[in-house]
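Structural characterization, general
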Amino acid sequence: MTELLEMKNVNKAFSGVQALSDVQFHLRHGEVHAFMGENGAGKSTLMKILTGVYQRDTGEVLLEGKAVEYANTAEAMADGVVIVHQELNMMGDLTVYENIFIGRESMNGFLINDRDNVKRARELFDVIGVSIDPYAKVDSLTVGQQQMVEIAKAVSHDAKIVVFDEPTSALTQTEINELFTIINDLKSKGIGIIYITHRMDEVFQISDRITVLRDGEYVGTVNTANTDKDELISMMVGRELTEEVKLASQVDDDAEVVLEVEHLSAGRMVKDVSFKLRKGEILGVSGLMGAGRTEMARLIYGAEQPESGTIKLHGEEVKIKTTEEAVAMGIGYLSEDRRRYGVLVDKNVAENTVLASIDKYVSSGLINDTRANADALEYNEMVKTKMTGVGQVVRTLSGGNQQKVIVAKWLLRDSEILIFDEPTRGIDVGAKAEIYEIMQELADEGKSIIMISSEMQEILRMSDRIVVMCEGNVTATLPIEGATQEEILSYAMMRKEV
Amino acid sequence: MGKRTIQNPIGRKDSRFVEMVKSQQFIAAAAMIVLYFVFWIFAPTFRGVNVITQILNSSYYLAFLGIGVTFVIATGGIDLSLGTVMGCAALLGGRLYSVNGLPMIVALLGTVLIAVVFSAINGYLIAFIRLPAFVATLGTQMMASGFGQIISNLEKTNWPARASEPGGAFKNAFQITISGEGKNVNIPTGLILLLIIVVIMSVILTKTKLGRYILSLGSNYEATRLSGINVRKYQFYAYIINGVFVGLAAIAYAAIYTSITAGFGAGQETNAIAGAVIGGTSLAGGIASIWGSLFGVVMMSVLKAGLPKIGLQSQWQLFLTGIIILVAVIIDVRRNKVSN
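Because the structure is a prediction, the values reported are computed rather than measured.

1. Observations regarding the overall build of chain B
- When helices and strands are counted, chain B shows 13 helices and 4 strands.
- When the backbone C-alpha atoms are referred to their principal axes, chain B occupies close to 70 × 50 × 45 Å.
- Looking at chain B as a whole, 52% of its 340 residues qualify as buried.
- Long-range contacts, defined as pairs at least 24 residues apart, comprise 73% of the intrachain contacts of chain B with a sequence gap of at least 6.
- When the accessible surface of chain B is summed, it comes to about 15500 Å², and 67% of that surface belongs to carbon and sulfur atoms.
- Of the side-chain charges in chain B, 24 are positive and 9 negative, and the distance between the mean point of each set is 9 Å.

2. Points about the overall build of chain A
- Scanning chain A from N- to C-terminus turns up 17 helices and 24 strands.
- Taken along its principal axes, the extent of the C-alpha atoms in chain A is 75 × 55 × 45 Å.
- Relative to its full complement of 498 residues, chain A shows a buried share of 56%.
- For chain A, long-range pairs separated by at least 24 residues make up 66% of all intrachain contacts whose partners lie at least 6 apart in sequence.
- Only carbon and sulfur atoms are counted for the fraction: they give 48% of the accessible area of chain A, which is about 20800 Å².

3. With respect to the packing of aromatic side chains
- The final tally for this structure, using the stated rule, is 26 aromatic pairs over all chains.
- Taken together, a centroid distance of 6.5 Å and an interplanar angle of 85° make the contact between Y61(B) and Y257(B) edge-to-face. Within this pair, whereas Y61(B) is found in helix α3 (residues 49–74), its partner Y257(B) is found in helix α10 (residues 231–257), the two being separated by 196 residues in sequence.
- You can call Y61(B) buried: its relative accessible area is 4%.
- Among the aromatic residues, those joined into a ring-pair cluster are Y36(B), F37(B), F39(B), W40(B) and F46(B).
- The ring of Y341(A) has R298(A) sitting right over it, with the charged end atom 5.9 Å from the ring centre.
- Of note, R47(B) hangs over the ring of W40(B), and the distance from its end group to the ring centre comes to 4.8 Å.

4. Some thoughts on helix α9 (residues 293–300) of chain A
- Extensive coverage of α9(A) is indicated by the burial of 7 of its 8 residues.
- The complete set of buried residues in α9(A) reads R293(A), T294(A), M296(A), A297(A), R298(A), L299(A) and I300(A).

5. Observations concerning the interface of chain B and chain A
- Residue-level contacts link 30 residues of chain B with 39 residues of chain A.
- The junction of chain B with chain A conceals about 2900 Å² of combined surface from both sides, 52% of it contributed by carbon and sulfur atoms.
- Put simply, chain B and chain A have 3 salt bridges between them.
- Here D359(A) makes a salt bridge to K209(B), at a shortest N to O gap of 2.5 Å.
- Here chain B and chain A share 13 residue pairs in polar contact (both at pLDDT 80 or more) between them.
- Among the secondary structure elements, those contributing two or more residues to the side of chain B that touches chain A are α7 (189–207), α8 (209–219), α9 (221–226) and α13 (314–339) of chain B.
- Class assignment of the residues belonging to the side of chain B that touches chain A gives a composition of 10 nonpolar, 14 polar and 6 charged.

6. A short note on a nonpolar patch on the surface
- Taken together, the side chains of I33(B), V34(B), F37(B), V38(B), W40(B), I41(B), F42(B) and I310(B) define a hydrophobic patch exposed on the protein surface, amounting to about 770 Å² of accessible area.
- Locating I310(B) in the fold gives a position in the loop between α12 (290–306) and α13.

7. Thoughts on the nonpolar core
- The biggest cluster of nonpolar side chains holds 109 residues, and the ones touching the most others in it are L259(A), F275(A) and I300(A).
- Beyond its immediate sequence surroundings of up to four residues, I300(A) is in contact with L259(A), V261(A), L264(A), F275(A), I311(A), I320(A), I331(A), I419(A) and I450(A).
- Within the second largest apolar cluster, 91 residues are counted, among which are A29(B), L91(B), F245(B) and M300(B).

8. Section: the pairing of strand β24 (residues 473–479) of chain A
Residues and elements named next belong to chain A.
- Burial of β24 is extensive: 5 of the 7 residues sit out of reach of the surface.
- Bridge analysis of strand β23 (residues 465–470) against β24 gives 6 bridges, and the strand direction is antiparallel. The partner of V467 across the bridge, within β24, is T477.

9. Details of the environment of P134(A)
Residues and elements named next belong to chain A.
- Residue placement: P134 occurs in the loop between α4 (114–128) and α5 (143–155).
- We classify P134 as buried; its relative accessible area is 2%.
- Residues P134 and I100 lie 34 residues apart in sequence; the distance between their C-alpha atoms is 9.3 Å.
- With residues near it in sequence (within four places) discarded, P134 still touches T95, V96, Y97, V118, A121 and R122.

10. As for the sheet that holds strand β22 (residues 448–452) of chain A
All names here are of chain A.
- Ordered by their spatial adjacency, 6 strands build an open sheet running β18-β21-β22-β15-β23-β24, and the pairing between neighbours is mixed. Of all strands in the sheet, those with a lone pairing partner are β18 (331–334) and β24, marking the two edges. In this sheet, neighbouring strand axes are inclined to one another by 20° on average, regardless of whether the strands run parallel or antiparallel.
- Of the pairings in the sheet, the one linking strand β15 (residues 282–287) to β23 comprises 5 bridges and is parallel in character. What sits directly across from V285, in β23, is V467.
- Relative to the sheet, helix α14 (residues 399–413) contacts β18 and β21 (417–421), its axis offset from that of β18 by approximately 175°.

11. Here's the deal with unusual backbone geometry
- Although it is not a glycine, N9(A) adopts a positive phi angle of roughly 50°.
- Its location among the elements puts N9(A) in strand β1 (residues 5–14).
- Overall, the relative accessible area of 45% leaves N9(A) in the partly exposed class.
- Positive phi values are uncommon outside glycine, yet T258(B) reaches one of about 65°.
- Counting through the fold element by element, T258(B) comes out in the loop between α10 and β4 (259–260).

12. Some points on the pattern of salt bridges
Residue and element names in this part refer to chain A.
- As enumerated under the stated definition, the model contains 28 salt bridges over all chains in all.
- Residues K189 and D185 are paired through a salt bridge, measuring 3.2 Å at the closest nitrogen-oxygen approach.
- Look at K189 and you get partly exposed, because its relative accessible area is 46%.
- On the basis of relative accessibility, which here comes to 27%, the residue D185 falls in the partly exposed class.
- In this structure, R495 and D201 form a salt bridge, with 3.2 Å as the shortest nitrogen-oxygen distance. Remark: D201 occurs in helix α7 (residues 200–206) and R495 occurs in the segment after α17 (485–492); sequence separation between them is 294 residues.
- For D201, a relative accessible area of 35% puts it in the partly exposed group.
- Where salt bridges share partners, they join R199, D201, E202, E471 and R495 into one cluster.

13. With respect to the packing of helix α4 (residues 82–98) of chain B against helix α5 (residues 104–128) of chain B
Residue and element names in this part refer to chain B.
- Where α4 contacts α5, the two axes come as close as 8 Å, and the packing angle between them is 155°. Considering their axes alone, α4 and α5 lie roughly antiparallel with respect to each other. Read as a crossing pair, α4 and α5 show a hand that is right-handed. Together, V85, C88, A89, A90, L92, G93, L96 and Y97 of α4 and M104, V106, A107, G110, T111, I114, A115 and F118 of α5 make up the contact between the two elements.

14. Some thoughts on α5(A)
Residues and elements named next belong to chain A.
- Taking 1.5 Å of rise per residue, 13 residues should cover 18 Å, and α5 covers 18 Å from first to last C-alpha, within 8% of that figure.
- Burial runs high along α5: 11 of the 13 residues are buried.
- Buried residues of α5: G144, Q146, Q147, M148, V149, E150, I151, A152, K153, A154 and V155, and no others.
- Lining the buried residues of α5 we find β6 (81–84), α3 (96–100), α4, β9 (161–165) and α6 (173–188).

Conventions and cut-offs
Residues numbered from 1 in each chain as written. Chains lettered and ligands numbered in written order. Predicted model: local features only at pLDDT ≥ 70, side-chain atom pairs only at ≥ 80, totals over all residues. Heavy atoms only, no water. Helix = DSSP H or I, 4+ residues; strand = E, 2+ residues; numbered from the N terminus. Buried < 20%, exposed > 50% of the residue type's maximum accessible area, 1.4 Å probe, protein only. Contact = heavy atoms within 4.5 Å. Areas by Shrake-Rupley, 256 points an atom, 1.4 Å probe, with all protein chains shown as cover. Lys, Arg positive; Asp, Glu negative; His and termini not counted. Charge placed at Lys NZ, Arg CZ, Asp CG, Glu CD. Phe/Tyr/Trp six-rings, centres within 6.5 Å; stacked < 30°, edge-to-face > 60°. Lys NZ or Arg CZ within 6 Å of the ring centre and 35° of its normal. Buried area = accessible area lost by both parts, 1.4 Å probe. Salt bridge = Lys/Arg side-chain N within 4 Å of Asp/Glu carboxyl O. Polar contact = N/O pair within 3.5 Å; in protein donor to acceptor, adjacent residues only side chain to side chain. Nonpolar A, V, L, I, M, F, W, Y, C, P; charged D, E, K, R; others polar. Patch = residues over 30% accessible without salt bridge, like charges linked within 9 Å, V, L, I, M, F, W, Y side chains within 5 Å. Core = buried A, V, L, I, M, F, W, Y, C linked by side-chain atoms within 4.5 Å. Pairing = 2+ DSSP bridges. Axes fitted to C-alpha atoms, helices over the stretch in contact; angles between N-to-C directions. Parallel < 35°, antiparallel > 145°, perpendicular 65-115°, else oblique. Left-handed = near helix turned anticlockwise from the far one by under 90°. Expected span 1.5 Å × (residues − 1).

Everything listed here is a matter of coordinates, which is why it stays silent on function.
Shown next as structure tokens:
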């Protein structure tokens, strides 16, 4: 019997960067196939190629032995290849049945035949065995119910393949059990299920086989019954370290504790987080997507308010209610999303650089632009921003150079504690090395750095100590000495039971 | 490394002069002058000092509205209420003087105060309650319109007709009329006042922390907030500045036109916003020019004065202003695209 899906030697590059190289993936009828890998391993990219969001550069995709290439998601859906997104894509103000059949409504001439649409929705819910009111507004449903609606929508396309992308991240245990019942039911109907997740326990509970990707390459496929957690983790991180690794912490254990966070909690994303940051230290914060690292940083920076817990600066408890207060206390934050939260794209390099330090240049109410420009130039030369001059509009700089302008901004501000959130995401190799150099120099000068990073190599190269987070909890604080990729990843996947 | 002289730290490709010529405020100024001479050539009755006086007179209050709303638009906001608030303020101030018999200084302060109160409501709703500016100012637009009708009882309100009347001295700030030899000579003092205010507000927008932060938060609210800046406070200030200018606009209108009818002011917000946009202020926020707004509103006054002289009535003014706004916005959008 032919396989349901064969993806062979799939290659995909984005503006010169190879995202997938010679990746393969096979799926049988009636199989739950788990798909694993670190952030950026290429799982999403491959699934987007499968469902027609992206088109492959080279390679072969066979659906039931027939070669296919989808130009868009509609074509994939027509073939029964559907995805249930992690971020639910629904119109919250519309009803359940309107969401399911949007674009495919039953019609009476020019009018929508609501009665028939509702009837079809009810039939779908019967098939997957859930009871949801087709007339309910989607916004009034729980996340779990919304997911059931998405599944119903997927099934309504006569699905052959259903891709689940981290389906359980927002679900309660009861809802997860319900979901697994549905998945097993779909499976018994011969539908192939691709299940993307970071949760080990679920993989062993629900999957038949597991395929692992690493850095855009195929690592292997194993039968779930014949493997264990350790093997999977070593498959996921078993890369040769091509970059240097910090061998020993460059900070004394008795160095002053600059920042101490105790039992910090806020909502679902940050739960009872505690750690210390020493003077001159680079504290790496590792974790998978959704681990709550950025949310934690925003609490320290006053961008959001914690529900409980304390923050101490130099041993003294502080309440940081606004970003203004955080900056005044000597904290700087460099966002992971530069364009949205970092730079003012339609302003020039100088205006961006001095933004957090304007007070320095105000005399009798007016800003002295000559001095501001001179300082902006000096600090941008220090971080080697490639620009025609400080009058260049930031929009026209590359990602790496935009990041350098932001670094220059905080250097000029002379912040004592710097939070780098994914400092090298989307930055070319050359600029990356320069950013690393600057960070290390800052630490050597006695600045303290919290570096949030999803890149293992970056964590191992830069950190003096490593904090690992998983689903809002700190699951480990590791010294750099002897830290391994396997150890970090296993803590990053270590869920604390609620 | 010692002190060094930095050659061209800005990295200008063009000279300051070329940069200025390329700016939209300059284009607006040039268009204004070209338009003036087009009318001058085609309409003999357009030539003369009286027409210039007429253009200036209808520019003062519009220019104040334009300057104020430029600060609001710079934050990425909008103010739909400024027309009716101006009307309401002019009615209230006029009645304080003519009905309640209060000293003119009280009437003038009352005029500005009521406008500031409305803008404080706008600023509070937008900066602190986080309502969309469009919705918040649509609400206050109706409130101000209704409030004006309530206090005026739908009656006409008169301000002093002559500077020589008691309380009329404030009119000298906009126009001094010297009578003699059977001929009146008007000296447009308002032009000097306006230019001084434009210079001051332009400096505030571009050279002070207040202005820089307003432009920054209009450019990227979150990034500005994450730079440790109290964005709400500065967003609120932008609306307060706007309120002061709405009050000044009410006074300018009263000084020139004397009588205020119920309903006056409604619709003026579109002229003020149009002037700002024509002058190069971006509706997306972050980019603004006070000089540009001045040229933008004066250009509309030129149109208003010139079109009847070539036989086209005010409906043509509306129609053509609409086209000019679209052209201005298209230039703005294209300029952003090019630099992308």
